[in-house]
Amino acid sequence: MTNHTHRRRRRSRRRPLVPHATRRRAPAGPPLDVRVEQHASVAVLHISGEFDLCGVARVERALDRAVGNPTDRVVFDLRGVSFLDLCGLETLMRADARARRESFAVAVVPPPGPVARIFAVTDIDHELRLLAAD
Amino acid sequence: MLYDRSLPAEPANVGTLRRELNGALAPVEIGKQRRGDIALVVSEALTNAAVHAYVGMATGPVAVNATLSGLSLRITVRDRGRGMIPRTDSPGLGLGVGLLGRLSDVLEISSPDGDGTEICVRFNL
C-alpha cells in the first residue's frame, strides 16, 4: 500500500493528468438571492444570481410566503438573474400551474439578453406571461 | 482533454462543475450564444444526475469531461447511479432531453455496461 501511494505521488508531480488551470476551484457563482416586496395585493419576487437546481427551494419558499398574504398577482422579477436553466424555468412553470389552481396570476420579468434564451428554446415564452423589462 | 472532474452528484455541485467547465472553455473560441447553450446543456445533464441518478441509494459521483477535436467539442456527463429508469414521480416537466437535443449537434444517452448513465453531447464550433 505504501509503495503504491508513493508511486502515484511521484507520477502526479511529473505530469498532471489534467492541466492545472482546470483543477482550480470554480469561481464562486453569484449566490441566488430572493427579496419579496408586497405592494397591496401584488407580490414581487426580485431574484438575482444563478437560478438553477440549488435555488429552487429558496424561490419556492419565497412564493409560499408571498401567497400566504392576500395576493392577486405574483411577479417574478428576473432582471438580476445571471444564469437560468431548465430547473429554474420549471420552477416558474410550477408557480404558474399553482396560480391557476389557487386563483392568482403569475407574470415574469425576463432576465437580461442571453440569459433569457431558455424561454425561446423551450417555447415556454408562449405559456408564461412575460412582462417588458423596463 | 480540456476538462475532467468528478464530484458528488449534489445540487450545489451542478453550479460548481458548470462554472469550472465554463472556465476551462474560456480559451476556446466559442460564440457567446453557443457558450450559453453549452452551459444550459451541461447544467441539465448535471441536474439529471443530481435529481435522478441516485434515488434510493447513497449519493455517488458525477463526472464531467470535455475534449476538443478540431472544431468539435465533446462533453460527457457520467454518473454511476441506477441507470435510465423512468420515474413516475419525476419532479421535472419532461423537457430535459428535448433541450439537450435541441441545443447540441449530437446527443447520445447510454448506460455503459449497465452502470449509471452517460450523456454525451457534441457541439460544432
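Residues numbered from 1 in each chain as written. Chains lettered and ligands numbered in written order. Predicted model: local features only at pLDDT ≥ 70, side-chain atom pairs only at ≥ 80, totals over all residues.

1. Quick notes on the overall build of chain A
Piece 1. Counting secondary structure elements, chain A contains five helices and four strands.
Piece 2. Mapped from its N terminus to its C terminus, chain A presents α and β elements in the order α-α-β-β-α-β-α-β-α.
Piece 3. For chain A, the proportion of its 134 residues judged to be buried stands at 31%.
Piece 4. Look at the contacts in chain A between residues 6 or more apart in sequence, and 66% of them connect residues 24 or more apart. (Helix = DSSP H or I, 4+ residues; strand = E, 2+ residues; numbered from the N terminus. Buried ≥ 20, exposed ≤ 12 C-beta atoms within 10 Å, placed from the backbone. Contact = placed C-beta atoms within 7 Å.)

2. Quick word on the overall build of chain B
Piece 1. What chain B contains, in helices and strands, is three helices and five strands.
Piece 2. Taken from the N to the C terminus, the helices and strands of chain B come in the order β-α-α-β-β-α-β-β.
Piece 3. Taken over C-alpha atoms, the radius of gyration comes to 14 Å for chain B, in line with the 14 Å a tight globule of 125 residues would show.
Piece 4. Among the 125 residues that make up chain B, the fraction classed as buried is 39%.
Piece 5. Within chain B, contacts between residues separated by at least 24 positions form 67% of all contacts whose residues are at least 6 apart in sequence. (Rg over C-alpha atoms; globule rule 2.2 N^0.38 Å.)

3. Some details on the interface of chain A and chain B
Piece 1. Across the boundary between the two partners, chain A contributes 21 residues, which contact 29 residues of chain B.
Piece 2. Looking at the side of chain A that touches chain B, the elements that each hand over two or more residues are helix H2 (20-23), helix H4 (86-102) and helix H5 (117-121) of chain A.
Piece 3. With four residues, H4 of chain A is the largest single contributor of residues to the side of chain A that touches chain B.
Piece 4. A per-class count over the side of chain A that touches chain B returns 13 nonpolar, three polar and five charged. (Nonpolar A, V, L, I, M, F, W, Y, C, P; charged D, E, K, R; others polar.)

4. Considerations on the sheet that holds strand S2 (residues 42-51) of chain A
All names here are of chain A.
Piece 1. Within the open sheet, the four strands sit side by side as S1-S2-S3-S4. Their pairing is mixed. Unpaired on one side and paired on the other, strand S1 (33-39) and strand S4 (105-109) mark the two borders of the sheet. Within this sheet the neighbouring strands show an average axis-to-axis angle of 20 degrees, counted without direction. (Pairing = 2+ DSSP bridges. Axes fitted to C-alpha atoms, helices over the stretch in contact; angles between N-to-C directions.)

5. Focus on the sheet that holds strand S3 (residues 72-79) of chain B
Residues and elements named next belong to chain B.
Piece 1. The strand order across the open sheet built from five strands is S1-S2-S3-S5-S4, with neighbouring strands paired in antiparallel fashion. Edge positions in the sheet fall to strand S1 (3-8) and strand S4 (106-110), since each has one partner strand and no second. In this sheet, adjacent strand axes meet at a mean angle of 10 degrees when their direction is disregarded.
Piece 2. Alignment of strand S2 (residues 61-69) against S3, held across eight bridges, turns out to be antiparallel. Its bridge partner being in S3, Val64 is matched across the sheet by Val77.

6. Some thoughts on the environment of Ala40 of chain A
Piece 1. Note on placement: Ala40 of chain A falls in the loop between S1 and S2.
Piece 2. C-alpha separation for the pair Ala40 of chain A and Asp123 of chain A, spaced 83 residues apart in sequence, amounts to 32 Å.

7. What about the packing of helix H2 (residues 32-53) of chain B against helix H3 (residues 96-103) of chain B?
Residues and elements named next belong to chain B.
Piece 1. Axis separation between H2 and H3 bottoms out at 10 Å; the angle between their running directions is 150 degrees. Comparing the axis directions of H2 and H3 gives the class roughly antiparallel. Two packed elements cross with a definite hand, and for H2 against H3 that hand is left-handed. Contact with H2, carried on its side by Asp37, Leu40, Val41, Glu44, Ala45 and Asn48, involves Gly96, Leu99, Leu100 and Leu103 of H3 and no other residues of that element.
Piece 2. Broken down by class, the residue content of the contact of H2 with H3 amounts to six nonpolar, two polar and two charged. (Parallel < 35°, antiparallel > 145°, perpendicular 65-115°, else oblique. Left-handed = near helix turned anticlockwise from the far one by under 90°.)

8. Here we look at the confidence of the model for chain B
Note that predicted coordinates carrying low pLDDT should not be read in detail.
Piece 1. Looking at chain B as a whole, the pLDDT averages 91, with 93% of positions reaching at least 70.
Piece 2. Across the predicted assembly, pTM comes out at 0.85 and ipTM at 0.90. (pLDDT = per-residue confidence, 0-100.)

9. What to know about H4 of chain A
Residue and element names in this part refer to chain A.
Piece 1. In this model H4 runs 24 Å from its N-terminal to its C-terminal C-alpha over 17 residues, within 8% of the 24 Å that 1.5 Å per residue would give.
Piece 2. Among the residues making up H4, those that are buried are Leu86, Cys87, Gly88, Leu89, Glu90, Thr91, Leu92, Ala95 and Ala99.
Piece 3. The first or second residue beyond H4 is Ser103, which carries a positive phi of 60 degrees. (Expected span 1.5 Å × (residues − 1).)

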